[in-house]
Amino acid sequence: MAPTVYLVSGSSRGIGLGLVTKLAERDNTIVFAGCRSPGTSPLLQSLAVQQPTNLHIIQLTAADKAGNDAAVAHLVVKSLEVTPESMREHYEVNTIGPLVLFQSSFSLLSASTPHPKYIIISSFMGSNSFGTRVPTNQLPYGASKAAVNWVASKLHYDHPPFVVVPIHPGAVATDGAAVAVKQEPFLADYPLISIERSAQGVLKVVDEAERGEEASALRSYDGGSFPW
Ligand SMILES: NC(=O)c1ccc[n+]([C@@H]2O[C@H](COP(=O)([O-])OP(=O)(O)OC[C@H]3O[C@@H](n4cnc5c(N)ncnc54)[C@H](OP(=O)(O)O)[C@@H]3O)[C@@H](O)[C@H]2O)c1
């Protein structure tokens, strides 16, 4: 049987690294671990040494790095102080990045299986009905995740063989979460799950995802879903 092939972007650390770690343990599996600076992640490098046949590191930048760094620096900002630049930076990373990667991988995915899966790591902050009520100052982040949820549904309807699913990975103890807590200290009271727990849950949802008539809801790592 031909191996199942995965391409994971942002795999140098955080949830992306958790996903490639779990996938590389699977039989008959090839994982391409995409990261924008392959030399800067010792954890990913040592994983590739342990799994030389089924894990391959590739250089992959989904959106402009300077824009991304700027977006992280302005993760938390009051709605009245949000600048147009901050909005653009978040869209660059969270919305345009996944769209461009879909476009780049489209022909390979189309040639792979009858129903290729394209999974977007979104956030419950992008749920109109849920994320807008969370009392954090994350308007640009939430709006860019809401936009990528729309992109996921549109790709689903435009490309009938594909299974396109946006997933909330949980509130996870990563560098990204630490930046948010530093900028908004009350978030420290919010319970975080481990990267391993998140990766395990996300992969279960991915494994079970099927093409349906309707676009997938915003799925959650724990098997549930969020309203749009
Ligand atoms: N952590 C949470 O609680 C949480 C909750 C909901 C949703 N999410 C979502 O989950 C995803 C991963 O978050 P995380 O917490 O794991 O973040 P993280 O620990 O900050 O890691 C971010 C990863 O993305 C990579 N990356 C950033 N910009 C990139 C670009 N332009 N091109 C290629 N790679 C890029 C980083 O690479 P470098 O090492 O090169 O910087 C790193 O591997 C994000 O979409 C985030 O919004 C996270």
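Residues numbered from 1 in each chain as written. Predicted model: local features only at pLDDT ≥ 70, side-chain atom pairs only at ≥ 80, totals over all residues. Heavy atoms only, no water.

(A) Quick peek at the overall build of the protein chain. Helix and strand counts for the protein chain stand at 8 helices and 7 strands. At 17 Å, the protein chain has a C-alpha radius of gyration in line with the 17 Å of a compact globule built from 228 residues. Along the first, second and third principal axes, the C-alpha atoms of the protein chain reach 55 × 40 × 30 Å. When burial is assessed residue by residue, the protein chain has 43% of its 228 residues classed as buried. Positive and negative side-chain charges of the protein chain, numbering 16 and 19 respectively, have mean locations separated by a distance of 1 Å. (Helix = DSSP H or I, 4+ residues; strand = E, 2+ residues; numbered from the N terminus. Rg over C-alpha atoms; globule rule 2.2 N^0.38 Å. Buried < 20%, exposed > 50% of the residue type's maximum accessible area, 1.4 Å probe, protein only. Lys, Arg positive; Asp, Glu negative; His and termini not counted. Charge placed at Lys NZ, Arg CZ, Asp CG, Glu CD.)

(B) Region of interest: unusual backbone geometry. A positive phi angle, near 50 degrees, is found at Asn28, a position not held by glycine. With respect to the helices and strands, Asn28 occurs in the loop between helix H1 (14-24) and strand E2 (29-35). Overall, Asn28 belongs to the partly exposed group, its relative accessible area being 38%.

(C) Examining the domain arrangement of the protein chain more closely. As far as domains go, the protein chain holds domain 1 (1-61) and domain 2 (65-226). For domain 1 and domain 2, the distance between their C-alpha centres works out to 20 Å. Taken together, the contact pairs 13 residues of domain 1 with 16 residues of domain 2. For the pair domain 1 and domain 2, the summed buried surface comes to about 1,200 Å²; carbon and sulfur atoms form 71% of the total. Among the residues of domain 1 in contact with domain 2, Ile15, Lys22 and Arg36 are the three that bury the most area, contributing 44% of the side total. (Domains from an automatic or database assignment. Contact = heavy atoms within 4.5 Å. Buried area = accessible area lost by both parts, 1.4 Å probe.)

(D) Structural view of the side chain of Ser153. Here Ser153 lies in helix H6 (residues 139-158). For Ser153, a relative accessible area of 16% corresponds to the buried category. When near neighbours in sequence (up to four residues on either side) are disregarded, Ser153 contacts Ala215 and Trp228.

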